[in-house]
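# A closer look at the structure
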Amino acid sequence: MNIIDTAGLRETTDTIEAMGVARTWQAIERADALLLVVDARTGVTSADEAIVARLPRHLKPLTVFNKLDLAGEPPEAQSSNGAHIRLSAKTGEGIDVLRRALLALAGWQSGVENVFMARERQLGALARVAGALERAGGAMLHSELFAEELRLAQRELGAITGEFTAEDLLGEIFSRFCVGK
């Protein structure tokens, strides 16, 4: 499971911040699950609702109401018309509920062995891997074509395993360092 903490999603005129927001939307497009973290005292705002309205159809957010220690509410998990968790990151109350919800989102089932769970995105990547390997088998006499098909297969496997790519490295650099004029 790869967890990505992204930049916030908001309108901005700042060029650098806009790049961070654009990268956040790119990460959302590739995500299998999304946590929408909101302040338990204010709840889901109209800005939060606007974000949810823009999400890809396959992505249903798990809303996490944080700061229960300030709101004076008990931790809980519900999934009536939308899954949500109530917790306090400061005190740790409800973190176990979130952990169980994340495991369920990942497809983990207690006591079930030999079960393979995959998302549609992962199955598509596996199909592309199979195609690239099949083409590589037909191109064994042409080393440059053979190598290219193996590279494509490896890239698709990396999309499933969360391999660290050159693009990820640039994102890491820009997220940790302030690049000035």
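Coordinates for the structure precede this section.
Fair warning: this is a prediction, and the values are worked out from it, not measured in the lab.

### Focus on the nonpolar core
Across soluble globular proteins, you tend to see nonpolar side chains buried next to one another. Counting 13 residues, the largest nonpolar core has Trp25, Ile28, Leu34, Leu55 and Leu59 as its most contacted members. Mapped by element, the contributors of at least two residues to this core are helix H1 (15-30) and strand E1 (35-39). By residue number, the principal contributor to this core is H1, which donates three residues. With seven residues, the next largest nonpolar core counts Leu62, Leu87, Leu98 and Ala101 among its residues.

### Re the packing of helix H5 (residues 120-138) against helix H6 (residues 143-161)
Running from N to C, H5 and H6 cross one another at 165 degrees; their axes reach a closest spacing of 8 Å. Considering the angle they form, H5 stands roughly antiparallel to H6. Here H5 runs over H6; the crossing is left-handed. In this structure, H5 uses Arg121, Gln122, Ala125, Leu126, Arg128, Val129, Ala132, Leu133, Arg135 and Ala136 to contact H6, whose residues at the interface are Phe146, Glu149, Leu150, Leu152, Ala153, Glu156, Leu157, Ala159 and Ile160. Here the residues of the contact of H5 with H6 are counted per class, giving 13 nonpolar, one polar and five charged.

### Thoughts on the pattern of salt bridges
Two side chains with opposite charge may pair up if their charged atoms get near one another. In this structure the tally under the stated criterion is eight salt bridges. In this structure, the salt-bridge partner of Glu149 is Arg135, at a minimum N-O distance of 3.0 Å. Residue Glu149 is found in helix H6, and its partner Arg135 is found in helix H5; the two are separated by 14 residues along the sequence. The network of salt bridges with shared partners includes Asp39, Arg41 and Lys67.

### A look at helix H4 (residues 95-105)
Of all the positions in H4, only Val97, Leu98 and Ala101 are classed as buried. Down the axis of H4, the buried set is contained in an arc of 95 degrees. They therefore lie on one face. For H4, exposure combined with an orientation more than 90 degrees from the buried face picks out Arg99 and Arg100. Once H4 finishes, Gly107 follows within two positions and takes phi at roughly 90 degrees, a positive value.

### Concerning the environment of Glu156
Positionally, Glu156 belongs in helix H6. Taking the C-alpha atoms as reference, Glu156 lies 5.4 Å from Ala125; in sequence the two are 31 residues apart. Discounting chain neighbours no more than four positions away, the residues touching Glu156 are Ala125, Arg128 and Val129. Of note is the side chain of Glu156, whose polar atom sits 3.1 Å from the side chain of Arg128.

### Looking at the environment of Val44
Relative to the assigned elements, Val44 resides in the loop between E1 and helix H2 (46-54). Of the residues examined, Val44 reaches a relative accessible area of 35% and is grouped as partly exposed. Separated by 19 residues in the primary sequence, Val44 and Thr63 have C-alpha atoms spaced 8.6 Å apart.

What counts and how
- Residues numbered from 1 in each chain as written.
- Predicted model: local features only at pLDDT ≥ 70, side-chain atom pairs only at ≥ 80, totals over all residues.
- Heavy atoms only, no water.
- Core = buried A, V, L, I, M, F, W, Y, C linked by side-chain atoms within 4.5 Å.
- Buried < 20%, exposed > 50% of the residue type's maximum accessible area, 1.4 Å probe, protein only.
- Helix = DSSP H or I, 4+ residues; strand = E, 2+ residues; numbered from the N terminus.
- Axes fitted to C-alpha atoms, helices over the stretch in contact; angles between N-to-C directions.
- Parallel < 35°, antiparallel > 145°, perpendicular 65-115°, else oblique.
- Left-handed = near helix turned anticlockwise from the far one by under 90°.
- Contact = heavy atoms within 4.5 Å.
- Nonpolar A, V, L, I, M, F, W, Y, C, P; charged D, E, K, R; others polar.
- Salt bridge = Lys/Arg side-chain N within 4 Å of Asp/Glu carboxyl O.
- Arc of directions from axis to C-beta.
- Polar contact = N/O pair within 3.5 Å; in protein donor to acceptor, adjacent residues only side chain to side chain.

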